[in-house]
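Report on the structure
Here is what each chain is made of, one letter per residue.
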Amino acid sequence: MHRATRATCDDDTAGSSSSSPSSSTSPTLAGEGSGGSTSTTTPPPSPQVVAAAGGAEGMWWVAFWPLRVLWRFILSIFQDPRRARAVGRVQWGSGGGNLSAQLEEMSVGNPLPERYEGTFGEALQAAGAMHRFLVVYLHSQEHWDSPRFVSQVLCHPSVVSYLSENYVFWAVSASSPEGYRLGSTLGASSYPFIGVLGNVQGQRAVLDTFQGSVTTDILVARLIRVMEESGAFLAIAREEEVQAVADRGIMQTQNQEYEEALAADRKRKEEAQRLEEEERRLRKAAAEAAREEEERRCRAEEEARLAAERTQREREEDRKTKLGRLPPEPPADASDITKIAIRLPSGTRIGRKFHVTDTLQSLYDFVDISQDDVGADQYVLVTAFPKREFQDLDLSFAGAGLTPNASLDVQS
């Protein structure tokens, strides 16, 4: 096992051009090309590992390892690369159907860690969204130590629990195209292989790798050490996300307050405009009413003036008529005359001599001519004592008993 340094990671290994890591300590996670073979070469285990694996089986594996390598080389020569890639996609995908069956078989009924279903790029994105590191397990079905690692280490409750609580776990078959390219990129030279990847200071990097035979305690300790050494970057990322969410909330609140202020300002402007229009309408209505009132007043004054002129003309004509039919005043030494004295409502006294045969119409005409504001239909001539009213205008002075003189009052 060795400790890998950080290096930038790509999101997806599928569909990119063929590449190999620049060095074993700083691999760049890029996709492997489509023209390479899908076979992998597993180096033989050390004698100590063979002894630990249990004698005969391990020795058998070491003895036949060169023949296995030669057989794979021969198959890779005659195999159609395009068919191999198609088969790899159907069988393995992102570590799909066959890998699940293999892991279930090797787990011998023990619970496996919760595995992310998807491509490598999707797993990286999911880990970044959850602010966790990604644990990548390259599974080799043909490696002699894979059954022990799956059943005793990967399915151990402490490993399952720690992975579930702190990491995103993703597995892929080392024989699949995606697994082959990823193994080449990460520098996998021995199996089982585990890589820990994460987002550190804005770049995706390889934080640690585990190759070859590993125990539960070592795996958990190494995973804990990764969290202790690099977990601060996750906390920073979480804090930045919380701050970003808070900033977005503040921005949304500010935007909402700004929109509300704009709406209130628009409402105030609309209300002010409405009031201004209402005031303008009222002023216009008041001006129109004043104009109409002025027109009515002018018409009334004009009508009054015309009526006054008409009344004045009528009075002048009436005066001329009455003056024309008023008989001449007889001389003082004439016989059969009567002297009439009249007191007007203003206190003014007027008088005139009439023939006793003249009618009272002549007396009313004389009063109308002498007093402009008195009309024949607005007053009556009466005697003071005894009080008598004289309204029969065809009656003569002699017939009315107003001879040889009389004093009359104008009564309205």
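Residues numbered from 1 in each chain as written. Predicted model: local features only at pLDDT ≥ 70, side-chain atom pairs only at ≥ 80, totals over all residues. Heavy atoms only, no water.

1. A closer look at the sheet that holds strand 7 (residues 380-383)
Rules: For two strands to count as paired, DSSP must find a minimum of two bridges between them. In this text, helices come from DSSP runs of H or I with a minimum length of four residues, and strands from runs of E with a minimum of two, each type numbered from the N-terminal end. Axes here mean lines fitted to C-alpha atoms, for a helix over just the part in contact, with angles spanning 0 to 180 degrees between N-to-C directions. Contacts between residues were defined by any pair of non-hydrogen atoms, one from each residue, lying within 4.5 Å.
A sheet is described by the order of its strands in space; here five strands give the open sequence 6-5-9-7-8, paired in mixed fashion. The sheet terminates laterally at strand 6 (349-355) and strand 8 (388-390), the two strands that pair on one side only. Each strand of the sheet is rotated relative to its neighbour by a mean of 35°, with strand direction disregarded. Where strand 5 (residues 337-343) lies against strand 9 (residues 405-411), five bridges are found, and the strand directions are parallel. Each bridged residue has a counterpart across the sheet, and for Lys339 the counterpart in strand 9 is Asn405. Packed onto the sheet, helix 10 (residues 360-370) meets strand 5, strand 6, strand 7, strand 8 and strand 9 and runs at close to 150° relative to strand 6.

2. Looking at the packing of aromatic side chains
This is how it is decided: Working definition: rings of Phe, Tyr and Trp (its six-membered ring) pair if their centres are within 6.5 Å, and the pair is stacked with planes under 30 degrees apart, edge-to-face with planes over 60 apart, and tilted otherwise. Relative accessibility decides the category of a residue: with a 1.4 Å probe and only protein chains considered, values under 20% of the type maximum give buried, values over 50% give exposed, and everything between is partly exposed. Here, a charge over a ring means that NZ of Lys or CZ of Arg falls within 6 Å of the ring centre while also lying within 35 degrees of the ring normal.
Tallying each qualifying case throughout the model produces seven aromatic pairs. Judged by centre distance (6.1 Å) and plane angle (80°), the ring pair of Phe354 and Phe366 falls under edge-to-face. Here the residue Phe354 occupies a position in strand 6, and Phe366 occupies one in helix 10, the gap between them amounting to twelve residues. A relative accessible area of 0% means that Phe354 is categorised as buried. Judged by relative accessible area, which is 12%, Phe366 ranks as buried. These aromatic residues form a ring-pair network of at least three members: Phe133, Tyr162 and Tyr167. Between the NZ or CZ atom of Arg352 and the centre of the ring of Phe354, over which it lies, the distance is 4.8 Å.

3. So, helix 5 (residues 120-130)
Listed in full, the buried residues belonging to helix 5 are Phe120, Gly121, Ala123, Leu124, Ala126 and Ala127. Taken together, the buried residues of helix 5 touch strand 1 (133-139), strand 2 (167-173), helix 8 (177-186), strand 3 (193-200) and strand 4 (203-211). The positive-phi residue at the C-terminal boundary of helix 5 is His131, with phi of around 55°.

4. Brief notes about the environment of Glu278
Note the threshold: As used in this structure description, the phrase polar contact means that two N or O atoms lie within 3.5 Å; if the pair is within protein, one of them must be able to donate a hydrogen and the other to accept it, and residues adjacent in sequence are counted only when both atoms belong to side chains.
Considering the arrangement of structural elements, one finds Glu278 in helix 9 (residues 216-325). Overall, Glu278 belongs to the partly exposed group, its relative accessible area being 29%. A polar contact is formed between the side chain of Glu278 and the side chain of Arg281, at a distance of 2.4 Å.

5. Describing unusual backbone geometry
Peptide bonds are, in most cases, trans, and in most cases residues other than glycine have a negative phi. Cis geometry is found at the peptide bond from Phe385 to Pro386, where omega equals -15°. Secondary-structure assignment places Pro386 in the loop between strand 7 and strand 8. Going from Thr403 to Pro404, the amide bond is cis rather than trans, its omega being -10°. As for its position among the elements, Pro404 is in the loop between helix 11 (397-400) and strand 9. In this model, Val108 sits at a positive phi of 45°, which is unusual for a non-glycine residue. Residue placement: Val108 occurs in the loop between helix 4 (97-106) and helix 5. Among the residues examined, Val108 registers a relative accessible area of 60% and is labelled exposed. In this structure, His131 takes a positive phi of about 55° despite not being glycine. For His131, a relative accessible area of 13% gives the class buried.

6. Things to note about the pairing of strand 5
Two strands pair when backbone bridges link them, and strand 5 and strand 6 are joined in this way by seven bridges, in the antiparallel orientation. From the neighbouring strand, Arg343 faces strand 6, where its bridge partner is Arg349. Linking two consecutive strands that pair antiparallel, namely strand 5 and strand 6, is a turn of five residues; a positive phi of about 95° is found at Gly347 within it.

7. As for the nonpolar core
Keep this limit in mind: Buried Ala, Val, Leu, Ile, Met, Phe, Trp, Tyr and Cys residues form a nonpolar core when they are joined through side-chain atoms within 4.5 Å.
Ranked by internal contacts, the top residues of the largest apolar core, which has 31 residues, are Phe133, Val135, Tyr137, Tyr167, Val196, Leu219 and Leu223. Where this core is concerned, the elements lending two or more residues are helix 4, strand 1, helix 6 (146-154), helix 7 (157-166), strand 2, strand 3, strand 4 and helix 9. The element that contributes the greatest number of residues to this core is helix 9, accounting for seven residues. Discounting chain neighbours no more than four positions away, the residues touching Tyr167 are Arg132, Phe133, Val135, Tyr162, Val196, Leu223, Val226 and Met227. Formed by 23 residues, the second largest nonpolar core is a distinct cluster that contains Ile350, Leu363, Phe390 and Ala406.

8. Some words on the packing of helix 7 against helix 9
To keep it simple, the criterion reads: Angle categories: roughly parallel below 35 degrees, roughly antiparallel above 145, roughly perpendicular from 65 to 115, and oblique for all the rest. We call a crossing left-handed when the near helix sits turned anticlockwise from the far one by less than a right angle, and right-handed when that turn is clockwise. Put simply, Ala, Val, Leu, Ile, Met, Phe, Trp, Tyr, Cys and Pro go in the nonpolar bin, Asp, Glu, Lys and Arg in the charged bin, and everything else, Gly too, in the polar bin.
Interaxial distance between helix 7 and helix 9 falls to 10 Å at its minimum, and their mutual angle equals 20°. Viewed along their axes, helix 7 and helix 9 adopt a mutual orientation that is roughly parallel. Classified by chirality, the crossing of helix 9 by helix 7 is left-handed. Taken together, the residues of helix 9 that come into contact with helix 7 (itself represented by Ser158, Val159, Tyr162, Leu163 and Asn166) are Thr216, Leu219, Val220, Leu223, Ile224 and Met227. A class-by-class count of the residues in the contact of helix 7 with helix 9 yields eight nonpolar, three polar and no charged.

9. A look at the packing of helix 9 against helix 10
In helix packing, the relevant descriptors are the interaxial angle and the interaxial distance, both defined with respect to the helix axes. Between helix 9 and helix 10, the least distance of the axes is 9 Å, while the angle of their chain directions is 135°. With respect to each other, helix 9 and helix 10 are oriented oblique. When the axes of helix 9 and helix 10 are compared, the crossing they make is left-handed. Contacts from Arg319, Lys322, Leu323 and Arg325 in helix 9 reach Gln361, Asp365, Asp368 and Ile369 in helix 10. Looking at the contact of helix 9 with helix 10 residue by residue, the classes come out as two nonpolar, one polar and five charged.

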